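These are the residues of each chain, in order.
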Amino acid sequence: MKTKKIKAIGITFLLSITFGLIINITLSKMILEPIIDIWDILSAFILLILASIFFVCDYSNSKRQKQI
């Protein structure tokens, strides 16, 4: 059960990147600003790193449970 929570957190981080991009596209059309800013790239990169960390933790936990 705990490993599914870890994987769900990783998926949530990946979905938040997509959700942020959708918000940026919508706001870009409304206020005529560029779609992607340096802060958007930085936040997406941080979320991608966090998602990959959680996926690696989930993978290592599942490997450890199979060995037991």
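I will try to describe carefully the structure that is included in this document. (Residues numbered from 1 in each chain as written. Predicted model: local features only at pLDDT ≥ 70, side-chain atom pairs only at ≥ 80, totals over all residues. Heavy atoms only, no water.)

Along the backbone of the protein there are 2 helices and 0 strands. Its C-alpha radius of gyration of 16 Å places the protein more than 25% over the 11 Å reference for a compact globule of 68 residues. By principal-axis analysis of the C-alpha atoms, the protein measures approximately 55 × 20 × 10 Å. In the protein, the proportion of contacts linking residues at least 24 apart, taken out of those at least 6 apart, comes to 78%. In the structure as shown, the protein presents an accessible area of about 5700 Å², 73% of it carried by carbon and sulfur atoms. Distance from the positive charge centre (8 side chains) to the negative charge centre (4 side chains) of the protein: 25 Å. (Helix = DSSP H or I, 4+ residues; strand = E, 2+ residues; numbered from the N terminus. Rg over C-alpha atoms; globule rule 2.2 N^0.38 Å. Contact = heavy atoms within 4.5 Å. Areas by Shrake-Rupley, 256 points an atom, 1.4 Å probe, with all protein chains shown as cover. Lys, Arg positive; Asp, Glu negative; His and termini not counted. Charge placed at Lys NZ, Arg CZ, Asp CG, Glu CD.)

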